Amino acid sequence: MTDKTQKDTKKPMTDEERVALCQKLDQELDDFINSLERKRYTEGWPEDRWEEEMNKHPFFMKTTPDNGELSPLAEGLAKLKYDPDENTPLELAMNYKEDGNFNFKHKNYRLAIMGYTEGIKQRCDSAEINASLYNNRAASHFFLHNYRSALYDSEKALKFNPEHKKARLRAAKAAFEIKHFDTCIKHCEILLETSKDKEVTEILNTAKKKLMLQERDERKKLSKDAKNAEQKEAVITAIIDRGIKISNCEDEDDIDLSKLEPSLPGAQDAIVHIEDGILKWPVLFLYPEYQMTDFVKDCPENVPLLNQLEQLFPAPWDKEDKYSCSTVNVYYEGRDKMPHVIDPCKKLTDLLVLKYFELRAGTPAFFVLPRGSKVESRFLESYI
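Notes on the structure in this doc start here.

Each value, and the rule that gives it
- Residues numbered from 1 in each chain as written.
- Predicted model: local features only at pLDDT ≥ 70, side-chain atom pairs only at ≥ 80, totals over all residues.
- Heavy atoms only, no water.
- Helix = DSSP H or I, 4+ residues; strand = E, 2+ residues; numbered from the N terminus.
- Buried < 20%, exposed > 50% of the residue type's maximum accessible area, 1.4 Å probe, protein only.
- Contact = heavy atoms within 4.5 Å.
- Axes fitted to C-alpha atoms, helices over the stretch in contact; angles between N-to-C directions.
- Parallel < 35°, antiparallel > 145°, perpendicular 65-115°, else oblique.
- Phe/Tyr/Trp six-rings, centres within 6.5 Å; stacked < 30°, edge-to-face > 60°.
- Pairing = 2+ DSSP bridges.

1. Concerning the overall build of the protein
- Tallying secondary structure elements over the protein gives 14 helices and six strands in all.
- Within the protein, the proportion of its 384 residues that are buried is 43%.
- Within the protein, counting contacts between residues at least 6 apart in sequence, those at least 24 apart form 57% of the total.

Structure below.
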């Protein structure tokens, strides 16, 4: 018998034969699922990976493995299902749709997605089949909580068939899950134009409430962002007006709050800010003798530095009582890389505009040493 005669006399598989064949492969398909890479399904599988995953298994394999070995069952199945000479695009789309439906019924949603995807790729000329393929793939994504993909596929199905109620309902549900409440409302309202459905009405009412809250929160956020931007601009303007020099800033236009963030761990929320026109600074006091530091938040610029020291002394680590406001000298390291002694009775803002003072990491820093001590002498000699 010739090949042509064999082709002409070939009988199509019945539904019973197809189910029996699928059952035969069921265990092998389960093994395939377990061998797939584990992923968190938030966006579905990207298009370029579906074919790669499918081609690992004889049920979807389109090319012979590298070792050249292919079981007779897989070889016959591949030819039957994937050979374009044996099937029209419509027949191929239908075959893949049946494969997807079979796996969907068995809750193998990942494999169902594969089948529907291959059916979509056939680009058959049946709008109804294409709508069904996209709708079914949307259902598979929905069960895997891939709500964005479910919404995309549902709306693709509606392009082929705008009257597809299941696709529109799923689009509404998927949009609700990803907080696209305006899209959800649109689909619900279209559904309710033709029939009053309790479930759709409940989804619509809930989505409207959620949208109102979402819009309220967005208005609050915009208001807060605008207020923060205004605050930031006020701080920068105040720094420029006072003539405070900032390290790593070429000129006034180069000043921004990112260069004023404290670099100390956990101190980022202590950035300089303005209240009632008064700059409030984070200030760092360093005690070289004990390698200790004090970090003080919200130091008003119009208050003498001495006021801050009075709150810090006596220090718990000063066992010899060497540190008091009357017994210490306070220095800053200038932009000339030399130490400069300051008068702590001056206001903080007056200290920040001294000739050699340069603000680093948004935090004025001062060295505190016992006056006339060996520690102070060694500190000063280290700069020579």
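2. Considering the packing of helix α5 (residues 89-105) against helix α6 (residues 109-121)
- Axis separation between α5 and α6 bottoms out at 7 Å; the angle between their running directions is 170°. Taken together, α5 and α6 sit at an angle that is classed as roughly antiparallel. Listed contacts from α6 to Ala93, Tyr96, Lys97, Gly100, Asn101, Asn103 and Phe104 of α5 are Tyr109, Leu111, Ala112, Gly115, Tyr116, Glu118 and Gly119.

3. Focus on the packing of aromatic side chains
- Taken as a whole, this structure holds 19 aromatic pairs when the rule is applied.
- The interplanar angle of 20° and the centroid separation of 5.9 Å between the aromatic rings of tyrosine 134 and phenylalanine 160 together place this pair among those described as stacked. Of the two residues, tyrosine 134 is situated in helix α7 (residues 127-143) and phenylalanine 160 in helix α8 (residues 147-160); the sequence distance between them amounts to 26 residues.
- Overall, tyrosine 134 belongs to the buried group, its relative accessible area being 10%.
- Owing to a relative accessible area of 34%, phenylalanine 160 belongs among the partly exposed residues under this scheme.
- Residues tyrosine 331 and phenylalanine 379 carry aromatic rings whose centres are separated by 5.7 Å and whose planes lie at 55° to one another, so their mutual orientation is tilted.

4. Some remarks on the pairing of strand β6 (residues 365-370)
- The buried count for β6 comes to five of six residues, which makes it a mostly enclosed element.
- Pairing of strand β4 (residues 328-333) with β6 involves four bridges; the strand directions are antiparallel. Along β6, the bridge assignment pairs valine 330 with valine 368.

5. Focus: unusual backbone geometry
- A cis geometry characterises the amide bond from phenylalanine 313 onward to proline 314, with omega recorded as 0°.
- For aspartate 276, which is not a glycine, the phi torsion comes out positive at approximately 55°.
- On the basis of relative accessibility, which here comes to 81%, the residue aspartate 276 falls in the exposed class.

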